[in-house]
Amino acid sequence: QVQLAESGGGLVEPGGSLRLSCAASGSIASINAMGWFRQPPGKPRDLVARFTSGGVTNYADSVKGRFTISRDNGKNTVTLQMNSLKPEDTAVYYCHAVAGVPPNLYWGQGSQVTVSS
C-alpha cells in the first residue's frame, strides 16, 4: 500500500505561479512511476507530468515549458512547479503513483488550482 499526501494549490491570477507537493509513504520501494494528473470541471482526468521507473519524464504538451516536475527521493516527495498559469489550467490536480507487482494505481486526495483574475 502507498499513501499520497498533497499540499499546495489555491487561487492565482493568470501569469502567476503555484507549487504542488506530494509526499509518499508506505511501500515506497515498490513505486514505479509517480507524478500528477488533473481534471478540469466536466472533463476527464489527464496526465500533467510524471517520472517513470526508467528515469523518463513525461509532460502534457499543454504544460511543456511552463511546468516542471522534480523529486526528492530522500523525502519521497514529488513537486510540480507551475509557472505562467492560464485560466485553462484550472482543475483539481491529483498526485498519483504506480506501485507493486502487478501494478496498482494510487491517488492523492486532490488539490484545487484556480487561475482567474
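Above this text is the structure in question.
Notes on the structure follow. (Residues numbered from 1 in each chain as written. Predicted model: local features only at pLDDT ≥ 70, side-chain atom pairs only at ≥ 80, totals over all residues. Heavy atoms only, no water.)

## Considerations on the sheet that holds strand E1 (residues 2-8)
This is how it is decided: For two strands to pair, DSSP has to find at least two bridges joining them. We count a stretch as a helix when DSSP gives it H or I for four or more residues in a row; a strand needs E for two or more, and each element gets its number in order from the N terminus. The convention used is that axes are lines fitted to C-alpha atoms, helices contributing only their stretch in contact, and that angles between N-to-C directions extend from 0 to 180 degrees.
Pairing within the open sheet is antiparallel, and its 4 strands lie in the order E1-E3-E8-E7. One side of each edge strand has no neighbouring strand; the edge strands of this open sheet are E1 and strand E7 (67-72). Across the sheet, the axes of successive neighbouring strands diverge by a mean angle of 20 degrees, strand direction being ignored. For E7 and strand E8 (residues 77-82), the ladder comprises 6 bridges, and the chain directions are antiparallel. Residue Asp72 lies in a different strand from E8, and its bridge partner there is Thr77.

## Notes on the environment of Lys64
The test is simple: Here the term buried applies to any residue with accessible area under 20% of the maximum for its type, exposed to any over 50%, and partly exposed to those in between, with areas from a 1.4 Å probe on protein chains only. Counted as a polar contact is a pair of N or O atoms within 3.5 Å, where, for protein atoms, one must be capable of donating a hydrogen and the other of accepting one, and residues adjacent in sequence contribute only when both atoms are in side chains.
Along the chain, Lys64 turns up in the loop between strand E6 (57-59) and E7. What makes Lys64 exposed here is its relative accessible area of 52%. For the pair formed by Lys64 and Ala49, sequence separation is 15 residues and the distance between their alpha carbons is 9.1 Å. Of the polar contacts made by the side chain of Lys64, one reaches the side chain of Asp61; its length is 3.1 Å.

## Here we look at the layout of surface pockets
Short version of the rule: Both site types are read off a 1 Å grid over the protein atoms alone. A 1.4 Å probe that fits but cannot get out defines a cavity, while an open set with protein on both sides within 12 Å along at least five of seven lines defines a pocket; lining residues have an atom within 4 Å of a point. Grid points are joined across faces, edges and corners, and a volume is the space filled by probe spheres set on the points.
If you add up the space inside the largest pocket, you get close to 280 Å³. Looking at the largest pocket, it is lined by 15 residues, and the ones nearest its centre are Ile28, Ile31, Met34, Arg71 and Asn73. With 4 residues, strand E4 (residues 31-39) is the single largest residue contributor to the lining of the largest pocket.

## A look at the environment of Asp89
For clarity, the threshold we go by: Should any heavy atoms of two residues lie within 4.5 Å, those residues are considered in contact.
Position of Asp89 relative to the elements: it lies in the loop between E8 and strand E9 (91-99). Through-space distance from the C-alpha of Asp89 to that of Thr114 is 7.5 Å; in sequence the pair is 25 residues apart. Here Asp89 is in contact with Arg38, Arg66, Phe67, Ser84, Val113 and Val115, once residues within four sequence places are set aside. Within the structure, Asp89 has its side chain in polar contact with the backbone nitrogen of Lys86 (distance 2.8 Å).

## Some details on the pairing of E9
Burial analysis of E9 places 7 of its 9 residues in the buried class, which makes it a mostly covered element. Pairing of E9 with strand E11 (residues 111-115), which is carried by 3 bridges, proceeds in the antiparallel orientation. Pairing of Val92 across the sheet is with Gln112, part of E11. Here E9 folds back onto strand E10 (residues 104-107) in antiparallel fashion, the turn holding 4 residues, of which Gly100 has a positive phi close to 90 degrees.

## Some words on the state of the cysteines
Disulfide: a covalent bond formed between the sulfur atoms of two cysteine residues. Using the following cut-off: When the sulfur atoms of two cysteines come within 2.5 Å, that pair is taken as a disulfide.
The tally for this structure, following the rule as stated, stands at 1 disulfide. Two residues, Cys22 and Cys95, share a disulfide whose sulfurs are 2.0 Å apart. Judged by the torsion about the S-S bond (-80 degrees), the Cys22/Cys95 disulfide is left-handed. Of this pair, Cys22 sits in strand E3 (residues 18-26) while Cys95 is found in strand E9, placing the two residues 73 residues apart along the sequence. For the pair Cys22 and Cys95, a shared accessibility class is recorded, and that class is buried.

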